[in-house]
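Letter by letter, the chains look like this.
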Amino acid sequence: TSPAYILDADGDYVWWYNAGSDAAGARMSYDGNYMWINNANTPDVAAHVHRVTMDGLTDTDFSVPFAHAAHQITPLPDGSVAFYVTGSNGCSDIMLFPAGGTPTSAATTVVNAQTAHGGTAACNVKYVAYSRSDDTLVFADRGNDCLTKVSRATGGTVWVLGGINGITSSFTGDLWQGGEVGFQILGLDDFLIFNNNTSTDGGGGTGTGSIALELKLNLTAMTSAKVWSYAANPAIQNDVLGDVQRLPNGNTIVDYASKSTIQEVDASGNVLQQLRSATVFGYIEKRATLYGPSSR
């Protein structure tokens, strides 16, 4: 099994924990007291979700209320946790585990992905993020090439960005093809997306290299415009997983997960540093400090 771990600025291991399964996601709670660790659970055999104190002394198994959870989970500022499971219609249900919940607490369904974006094909949700400024959840459906924003309180759809298989995008303009996984909410109108660009899944990418893509939305005209993108040279085609994060200094972290490569690039696309591993990476987060709220 592979642990969750933290590297410092020099690339040295400063924290790690083995929760008993391969760690696909590792995210700290907003109060900085816990690390939530989950496995990918693909195919859906057994979800493993643990909350570990940062001193490593207390490991609480939350696998029962997170049954069927996949890929990654997202702690919210109030202590609740967003995640997703496969629904009865073959599309993912977006779920919310309550703040202050225990290993015997029940999670509630926010909305079914297909209900939210209106697609006609099976779903393949790979990431859910929280938008603090308007109390919404945004999820990426890789199989349908779209991001969908819903109200955390009601599950009502706010907008859909992109989409195939019967989905109507709320926006016209620049979009993407070939699937997407990790993304970052930079603002209500600004999104950074890891576009797999695979030719074997989603809406027909080229398969000639995955792309980090920033789209700026006009929420009045309901248009989308590409304002930045990066593709590695030589190309890195990452068909499985993938993540991306904009740093406060303007640089961007691009996680080619299944290709065991992480790059930090500047605004001009120059590679400033590269990290390679003998095993694949899961979802990542670069933080300025281990104290305080998430930087994503």
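**Q** Can you walk me through the overall build of the chain in this structure?
**A** In terms of regular secondary structure, the chain is built from one helix and 23 strands. Since a compact globule built from 296 residues should have a radius of gyration of about 19 Å, the 18 Å found for the chain is in line with a globular shape. The principal-axis extents of the C-alpha atoms in the chain amount to approximately 50 × 45 × 35 Å. Residues counted as buried form 53% of the 296 residues belonging to the chain. In the chain, the proportion of contacts linking residues at least 24 apart, taken out of those at least 6 apart, comes to 42%. Taken as a whole, the chain presents about 12400 Å² of accessible surface, with 52% of it coming from carbon and sulfur. In the chain, which carries 15 positive and 27 negative side-chain charges, the distance between the mean positions of the two groups comes to 3 Å.

**Q** Looking at this structure, how should I read the sheet that holds strand β7 (residues 74-75)?
**A** By definition, the strands of a sheet pair up through backbone hydrogen bonds, in either a parallel or an antiparallel sense. Taken together, the four strands give an open sheet; going across it, the order is β7-β8-β9-β10, and neighbouring strands pair in antiparallel fashion. Each edge of the sheet is formed by a strand with only one pairing partner; in this case those strands are β7 and β10 (108-112). Pairing between β7 and strand β8 (residues 81-86): two bridges, direction antiparallel. Paired with Thr74 across the strands is Ala82, a residue of β8.

Quick notes on the rules
Residues numbered from 1 in each chain as written. Predicted model: local features only at pLDDT ≥ 70, side-chain atom pairs only at ≥ 80, totals over all residues. Heavy atoms only, no water. Helix = DSSP H or I, 4+ residues; strand = E, 2+ residues; numbered from the N terminus. Rg over C-alpha atoms; globule rule 2.2 N^0.38 Å. Buried < 20%, exposed > 50% of the residue type's maximum accessible area, 1.4 Å probe, protein only. Contact = heavy atoms within 4.5 Å. Areas by Shrake-Rupley, 256 points an atom, 1.4 Å probe, with all protein chains shown as cover. Lys, Arg positive; Asp, Glu negative; His and termini not counted. Charge placed at Lys NZ, Arg CZ, Asp CG, Glu CD. Pairing = 2+ DSSP bridges.

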